[in-house]
Amino acid sequence: QVQLVESGGGLVQAGGSLRLSCLASGRTFSSYGMGWFRQAPGKEREFVANISERADSTYYADSVKGRFTISRDNAKNTVYLRMNSLKPEDTAVYYCAADSAGGGLYEYWGQGTQVTVSS
């Protein structure tokens, strides 16, 4: 069982930056692929970015490519999402998720952290 706790959300002006963190419980964090997703009001949850177990591979949604950076620190059981050049359309609840089987099926989810970007 893995528990994930996100933090770092908040209110920021357009063009600003935030860094989200996701702390994972358990001793097998380094064996999980990790992802960030988001859900805006009235919309379905969408993929944002993911990172492989050893951080040697990352992948981004086109909407955030070049602005967001996913990273991880396995010694700290933490995955990060650095968000630069934020836009009002980035407003959403952001969730981190863990993929233990490596098949892109994220079995474990955090509770989410709100990011609001004002124009």
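Calculation rules
Sequence order as written defines the numbering, with residues in each chain counted from 1. For a predicted model such as this one, the threshold for reporting local features is a pLDDT of at least 70, and the threshold for listing and counting side-chain atom pairs is 80 or more; totals across whole chains, interfaces and linings nevertheless cover every residue. Where side-chain values are given, they derive from all heavy atoms of the structure, hydrogens and water being excluded. In DSSP terms, a helix is any run of H or I states spanning at least four residues, a strand is any run of E spanning at least two, and both are numbered starting from the N terminus. Both definitions apply: the radius of gyration is a C-alpha atom measure, and the globule rule equals 2.2 Å times residues to the power 0.38. Throughout this description, buried means an accessible area under 20% of the type-specific maximum (1.4 Å probe, protein chains only), exposed means over 50%, and partly exposed covers the range between. A 1.4 Å probe and the Shrake-Rupley method give the accessible areas. Residues count as covered only by the protein chains that appear here. Take the buried residues of types Ala, Val, Leu, Ile, Met, Phe, Trp, Tyr and Cys, join any two whose side-chain atoms come within 4.5 Å, and each joined set is a nonpolar core. Contacts are residue-level and defined by heavy atoms, with any inter-residue pair within 4.5 Å sufficient. Each Phe, Tyr or Trp ring, with Trp reduced to its six-membered ring, pairs with another whose centre is within 6.5 Å; inter-plane angles below 30 degrees give stacked pairs, above 60 give edge-to-face pairs, and intermediate values give tilted ones. In plain terms, two cysteine sulfur atoms within 2.5 Å form what is called a disulfide here. Polar contact is the term for a pair of N or O atoms within 3.5 Å; when the atoms are in protein, one must be able to donate a hydrogen and the other to accept it, and sequence-neighboring residues count only if both atoms are side-chain atoms.

### A short note on the overall build of the chain
Here is step 1 of the chain: The number of helices and strands found in the chain is 0 helices and 11 strands.
Here is step 2 of the chain: Starting at the N terminus and ending at the C terminus, the chain contains elements arranged as β-β-β-β-β-β-β-β-β-β-β.
Here is step 3 of the chain: For 119 residues, the compact-globule estimate of 2.2 N^0.38 gives 14 Å, and the chain sits close to it at 13 Å.
Here is step 4 of the chain: Considering only C-alpha atoms, the chain reaches an extent of 40 × 25 × 25 Å along its principal axes.
Here is step 5 of the chain: Here the chain holds 119 residues, and the buried ones make up 44% of them.
Here is step 6 of the chain: For the chain, the exposed area adds up to about 6,300 Å²; of that, 46% sits on carbon and sulfur atoms.

### Quick notes on the nonpolar core
Here is step 1 of the chain: Ranked by internal contacts, the top residues of the largest apolar core, which has 30 residues, are Leu4, Met34, Trp36, Leu81, Met83 and Tyr94.
Here is step 2 of the chain: Elements with a minimum of two residues in this core: β3 (18–24), β4 (33–39), β5 (46–51), β7 (68–73), β8 (78–83), β9 (92–99) and β11 (113–118).
Here is step 3 of the chain: Leaving out residues up to four positions away in the same chain, Met34 has contacts with Leu4, Cys22, Phe29, Ala49, Asn50, Ile51, Ile70, Arg72, Val79, Ala97, Ala98 and Tyr106.

### Comments concerning the side chain of Arg67
Here is step 1 of the chain: Among the secondary structure elements, Arg67 is positioned in the loop between β6 (58–60) and β7.
Here is step 2 of the chain: Given the relative accessible area of 11%, Arg67 is considered buried.
Here is step 3 of the chain: Not counting residues within four places of it along the chain, the set of residues in contact with Arg67 comprises Arg82, Met83, Asn84, Ser85, Leu86, Lys87 and Asp90.

### Re the packing of aromatic side chains
Here is step 1 of the chain: Across all of its chains, the model carries 6 aromatic pairs by this definition.
Here is step 2 of the chain: Ring centres of Phe37 and Phe47 lie 5.7 Å apart, and the angle between their planes is 75°; on these two criteria the pair is classed as edge-to-face. Of the two residues, Phe37 sits in strand β4 while Phe47 sits in strand β5, which places them 10 residues apart along the sequence.
Here is step 3 of the chain: Members of the aromatic cluster, each reached through a chain of ring pairs, are Phe37, Phe47, Tyr59, Tyr106 and Trp109.

### Quick notes on the state of the cysteines
Throughout this description, disulfide means a covalent bond between two cysteine sulfur atoms.
Here is step 1 of the chain: The tally for this structure, following the rule as stated, stands at 1 disulfide.
Here is step 2 of the chain: The disulfide partner of Cys22 is Cys96, and the S-S distance across this bridge is 1.9 Å. Between Cys22 and Cys96, the S-S dihedral sits near 45°, and the bridge is therefore right-handed. Of this pair, Cys22 sits in strand β3 while Cys96 sits in strand β9, and the two are 74 residues apart along the sequence. There is no split in this pair, since Cys22 and Cys96 are both buried.

### A look at the side chain of Asn77
Here is step 1 of the chain: Tracing the sequence through the fold places Asn77 in the loop between β7 and β8.
Here is step 2 of the chain: Residue classification places Asn77 among the buried residues on the basis of a relative accessible area of 17%.
Here is step 3 of the chain: At a separation of 2.7 Å, a polar atom in the side chain of Asn77 contacts the main-chain carbonyl oxygen of Gly26.
Here is step 4 of the chain: Leave out the neighbours within four places in its chain, and Asn77 touches Cys22, Leu23, Ala24, Ser25, Gly26 and Phe29.

Function cannot be read off these values alone, since they describe shape.
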